[in-house]
Amino acid sequence: MNASDWLQFALFIALLALITKPLGIYLTRVLDPNGRTWLDPVLRPLERVTYGLMGVKPDAEQDWKRYTVSMLLFSLVGLVFTYAILRLQDVLPLNPQGLSAVGHALAFNTAVSFTTNTNWQSYGGEGTMSYLSQMVGLTFHNFVSAATGIAIAAALVRGISRQSAKTLGNFWVDLVRITYYLLLPICTLFAIFLVSQGMIQNFKPYDKAKLVEPVSITVEKKDDAGNTITGADGQPVTEKQVIEEQTIVHGPMASQVAIKMLGTNGGGYTNANAAQPFENPTPLSNLIQMLSIFAIGSALTYYLGRMTGNQAHGWSVWAAMMALFVAGVLVCSWAEAKGNPIHQGLGIVAADGNMEGKEVRFGIFNSSLFATVTTAASCGAVNAMHDSFTAIGGLIPLFMMELGEVVIGGVGAGLYGMLVFVVLAVFIAGLMVGRTPEYLGKKIQAYEVKMAMLTLLVLTLSILCFTAWASVSEWGLAGLNNAGPHGFSEILYAYSSATANNGSAFAGLTATPASGNPHYNITLGLAMLIGRFFMIVPIMAIAGSLVQKKISPPSAGTFPVSGGMFVVLLIGTVLLIGALNFLPALALGPIVEHFLNAQGALF
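Source: prediction; values computed, not measured.

Draft legend 1. Geometry of the domain arrangement of the protein. With domains assigned, the protein is organised as domain 1 (19-200 + 253-309), domain 2 (207-248) and domain 3 (411-599). Look at where the C-alpha atoms of domain 2 and domain 3 centre, and you get two points 41 Å apart.

Rendered as C-alpha cells:
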C-alpha cells in the first residue's frame, strides 16, 4: 500500500466513524413506534393509512413466536410474488427488450435470493430481467428484506434491554417504519447523487452501437432449444461468431443501485456489477457505495449501546468488527499488490501487482477494499472479479463470509450474528472465572447457549455439506471454470456466499450449465433459505428467553462487556469458531492453491 492507499483507507474509516453516532441516534427514533423524526409531518399520515390497510394495531406488541411467524409469512408471500413475476415476465409490461420468461429453477433461485437479502444472481441482469422484474420483483425485496433484517436485530436488542417482559415489539410496525423513515428517504437522496455522478435512470430501450473494429469469438453451438450441441467425443461443438455491434444498457439503474448498497443486498443491474461504468461511474461513487454498505450495520452498534444503557458496550462491539475488517483489508491488498506467486518464481515483478479481473479505474487497493467491504457485510456487490484474485487475496472474502457475516455484516444480520458470538464469549468468560455467565445483568444459561450453537451449526453444516456434495457430483463439477483447489474454492465460495446471504461469486462458477442442469440453482436456493431463516428462528428464541429475565445489578465479579479485554475475547471467539469450522476446507482450497502456485502449478 502506498501513501494514497493509506489515505483512502483512513478516510473511509473516519467517514464511517463519523456517521455511526448520528445514524444510530436516528435509528433509535425510527425503531421506537412513538419516536419522532423530522419526516413525521409527511410520513405519519401515510404510516397510519398503511396500518389501516394492513389491519395492524400498532400498539399491540408480539412475543417472539408471533413476531417470528409474522416475519416468515411475509417472506413466504414475497417469495411467491416475485416467482410469479419472473415466470410471467414475457406477458407483463415494461419489457421493451421482449425478454422471455425466466425458467422455473432460475426463477426459484432468484426469488429466494432476493427474499433472503442474498441477491445471488445466476444470470446477467441486463439480458434476463425486464424493467418491471427489476423494479417490482427485485427492488421491492431490496427494501423489505433489508427492513426485515433490521427488525430482527431490533427485536433481539429489545430482548436484551427489557426485563421481566414478554413482548419484543410488532414486526409489522418495525417493517413499515424502517421502510418509510429510513430506507426510502436515504435511498431517494442516494439515487439522486448517483445520477449526478453519471449513473442512468430511465425507461429507454437498449441502444446499439457499431463497433469500429469487429471482434471474432468462438462460442458453443446451440440447437433450437438453446442446448449445447456435443460431438462424438462428448465435447461441445464450437463455431465462430463476428461481433459487429455493442448493446448499451438503459433502465432504472440508480434507484436499484442505491438500495442494493444501503440495504446490503448486492447483486447487480448489469452482469459486470459495480465494475460497469454505468453502475459505478466515478471514484467518488465507488467510495460512497462502499460507505453505504457499512452505514446501517455500523450505526446499529450505536443503537445497541443506546438501548442497553451501555454505550461503551456498543462501541466495543464496533471496535471488534473494525479490527477484523482492517486485518482483512490489509491482508487482501497485500496479497494482490504482491502479485501472482508464479510470476515471482520466474523472477517477474509486476509493478502494478495482480491487475487481472480488476477495473483499471479503481486499481488494486480499491478493488481489495471493495471485496472486503462487500463480504464483511452481506452485500455481494463487486467491482472486481474475485475469481481472478490471488489465492490469499481470494481467501479473505471467503473467510469473511464464513465468519457468519459479522464483521459489520448485513443490515441487522451483522448485529444479531455478532450478538450470538457475544453470548458465547460471555459464556466462555464465565467458565474461566467459575461464575454463572451474565450479559448486561442477565444470566446466560443452557438454553441461550444451545440456541447460539444451533445458529452457528446451521451455518457450518449448510456450507460444508452442500460443498461436499457438489464437489463429488457430476452436476457440481460441470459448472467449474477451473480444476484443482481453485475449482474447489469456486464451489466453497458459492455455498459460503449463499448460506451467509452475501450473493457475491467467484465469477468462475457457472451455476446454470449449458445443459440446463438445475442442481446449482436449487441447492443454492436451499442454502439461502437455511442461512436466513434457520438462523433467525433460534436467534429470536434467544431474544424471547432474555426478555423475560430480570437485570441484576453489576457486582465485583461481573465480567465487563466493554473495554480492551472484552474486544480481544470477542475477536478470539469469532476467529476460533471460524477457524475450527472452516480451516480444513480452506486448506483444501485457497491455502493449498497458494503453495502450489509458488511451485508453478496452474489451475
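Anyway, onward from the coordinates.
Draft legend 2. Structural context of the packing of helix α3 (residues 64-87) against helix α18 (residues 519-546). Between α3 and α18, whose axes approach to 9 Å, the crossing angle comes to 160°. Between α3 and α18, the crossing angle belongs to the class labelled roughly antiparallel. In this structure, the crossing between α3 and α18 has a hand that is right-handed. Counting all contacts with α3, which are made through Trp-64, Tyr-67, Thr-68, Met-71, Leu-72, Ser-75 and Leu-79, the residues of α18 involved are Leu-529, Phe-533, Ile-536, Val-537, Met-540, Ala-541 and Gly-544. Class assignment of the residues belonging to the contact of α3 with α18 gives a composition of 11 nonpolar, 3 polar and no charged.

Draft legend 3. Looking closely at the nonpolar core. If you look at the biggest cluster of nonpolar residues, it comprises 150 residues, and the most contacted ones within it are Leu-183, Phe-294, Ile-296, Phe-325 and Tyr-439. In terms of residue count, helix α6 (residues 131-161) provides more of this core than any other element does, 14 residues in total. Residue assignment places this core across two domains, with domain 1 (19-200 + 253-309) and domain 3 (411-599) each supplying three or more. The contacts of Phe-325, once residues within four sequence positions are left out, are Phe-9, Phe-12, Phe-294, Leu-369, Thr-372, Val-373, Ala-376, Met-400 and Val-407. Ranked by size, the runner-up nonpolar core spans 17 residues in total, among them Leu-79, Trp-120, Ile-491 and Ala-527.

Draft legend 4. Geometry of the side chain of Thr-270. Here Thr-270 lies in the loop between α8 (253-262) and α9 (283-308). Sequence-distant contacts of Thr-270, that is, excluding residues within four places in its chain, are made with Gly-125, Glu-126, Val-249, Met-253, Gln-276 and Glu-279.

Draft legend 5. A look at α9. An ideal rise of 1.5 Å per residue puts 38 Å on 26 residues; α9 measures up with 38 Å between its terminal C-alpha atoms. Looking one or two residues past α9, Gly-309 carries a phi angle of roughly 70°, positive in sign.

Draft legend 6. Broad picture of a nonpolar patch on the surface. Together, Val-69, Leu-73, Leu-76 and Val-80 line one region of the surface with nonpolar side chains, adding up to about 360 Å² of accessible area. Considering the arrangement of structural elements, one finds Val-80 in helix α3.

Draft legend 7. Representation of the environment of Ser-196 in the model. Structurally, Ser-196 can be placed in helix α7 (residues 171-196). Judged by relative accessible area, which is 53%, Ser-196 ranks as exposed. Distance in space between the C-alpha atoms of Ser-196 and Asn-286 is 13 Å, their sequence separation being 90 residues. Within the structure, the side chain of Ser-196 is placed 2.4 Å from the backbone oxygen of Phe-193, a separation counted as a polar contact.

Draft legend 8. A look at the packing of aromatic side chains. Using the criterion set out here, one finds 20 aromatic pairs in the structure. An angle of 45° between the planes, with centres 6.0 Å apart, marks the rings of Phe-12 and Phe-325 as tilted. Residue Phe-12 is located in helix α1 (residues 3-30), and its partner Phe-325 is located in helix α10 (residues 311-338); the two are separated by 313 residues in the primary sequence. The interplanar angle of 75° and the centroid separation of 5.2 Å between the aromatic rings of Phe-171 and Trp-172 together place this pair among those described as edge-to-face. Note on Phe-171: relative accessible area 0%, which makes it buried. Through a chain of ring-to-ring contacts, three or more aromatic side chains come together here, namely Phe-9, Phe-12, Phe-294, Phe-325 and Phe-365.

Draft legend 9. Broad picture of the pattern of salt bridges. Under the counting rule described, the total for this entry stands at 10 salt bridges. Between Arg-44 and Asp-40 there is a salt bridge, with its nearest N and O atoms 3.4 Å apart. Of this pair, Arg-44 and Asp-40 both sit in helix α2 (residues 40-54), 4 residues apart, which is roughly one turn of the helix. For Arg-44, a relative accessible area of 18% translates into the label buried. What makes Asp-40 buried here is its relative accessible area of 4%. As a salt-bridge pair, Arg-44 and Glu-47 come within 3.6 Å of each other at their nearest N and O atoms. A residue pair is termed a helical-turn pair when its members lie 3 or 4 positions apart in one helix, as Arg-44 and Glu-47 do in helix α2 at 3 residues. Glu-47 carries the same exposure label as Arg-44, and that label is buried. One salt-bridge network, in which partners are shared between bridges, spans Asp-40, Arg-44, Glu-47 and Arg-177.

Draft legend 10. Expanded view of α6. Here α6 spans 44 Å end to end across 31 residues, near enough to the 45 Å set by a 1.5 Å rise per residue. Of all the bends in α6, the greatest, near 30°, is centred on Leu-138. Burial of α6 is extensive: 27 of the 31 residues sit out of reach of the surface.

Draft legend 11. Structural context of the state of the cysteines. This structure, assessed with the given rule, holds 0 disulfides. Looking at the unpaired Cys-332, the closest cysteine sulfur is the one in Cys-379, lying at 16 Å. Judged by relative accessible area, which is 0%, Cys-332 ranks as buried. Free cysteine: Cys-379, not disulfide-bonded; nearest cysteine sulfur from Cys-187 at 12 Å. Assessed through its relative accessible area of 0%, Cys-379 is described here as buried.

Draft legend 12. Spotlight on the packing of helix α14 (residues 413-433) against helix α19 (residues 564-598). Running from N to C, α14 and α19 point in directions that differ by 110°, and their axes come no closer than 9 Å. Classified by the angle between their axes, α14 and α19 sit roughly perpendicular to one another. Along its contact with α14, which presents Met-418, Phe-421, Val-422, Leu-424, Ala-425, Ile-428, Ala-429 and Met-432, the element α19 presents Phe-566, Leu-569, Leu-570, Thr-573, Val-574 and Ile-577. Its residues assigned to classes, the contact of α14 with α19 comprises 13 nonpolar, 1 polar and no charged.

Draft legend 13. Focus on the side chain of Ser-75. With respect to the helices and strands, Ser-75 occurs in helix α3. Leave out the neighbours within four places in its chain, and Ser-75 touches Thr-115 and Phe-533.

Draft legend 14. Region of the structure containing unusual backbone geometry. Backbone geometry places Ser-164, a non-glycine residue, at a positive phi of 50°. As for its position among the elements, Ser-164 is in the loop between α6 and α7. At Leu-440, a position not held by glycine, the phi torsion is positive, near 50°. Counting through the fold element by element, Leu-440 comes out in the loop between β3 (438-439) and β4 (442-443).

The rules behind the values
Residues numbered from 1 in each chain as written. Predicted model: local features only at pLDDT ≥ 70, side-chain atom pairs only at ≥ 80, totals over all residues. Heavy atoms only, no water. Domains from an automatic or database assignment. Axes fitted to C-alpha atoms, helices over the stretch in contact; angles between N-to-C directions. Helix = DSSP H or I, 4+ residues; strand = E, 2+ residues; numbered from the N terminus. Parallel < 35°, antiparallel > 145°, perpendicular 65-115°, else oblique. Left-handed = near helix turned anticlockwise from the far one by under 90°. Contact = heavy atoms within 4.5 Å. Nonpolar A, V, L, I, M, F, W, Y, C, P; charged D, E, K, R; others polar. Core = buried A, V, L, I, M, F, W, Y, C linked by side-chain atoms within 4.5 Å. Buried < 20%, exposed > 50% of the residue type's maximum accessible area, 1.4 Å probe, protein only. Expected span 1.5 Å × (residues − 1). Patch = residues over 30% accessible without salt bridge, like charges linked within 9 Å, V, L, I, M, F, W, Y side chains within 5 Å. Areas by Shrake-Rupley, 256 points an atom, 1.4 Å probe, with all protein chains shown as cover. Salt bridge = Lys/Arg side-chain N within 4 Å of Asp/Glu carboxyl O. Polar contact = N/O pair within 3.5 Å; in protein donor to acceptor, adjacent residues only side chain to side chain. Phe/Tyr/Trp six-rings, centres within 6.5 Å; stacked < 30°, edge-to-face > 60°. Bend = angle between axes of the 7 residues up to and from the residue. Disulfide = S-S within 2.5 Å.

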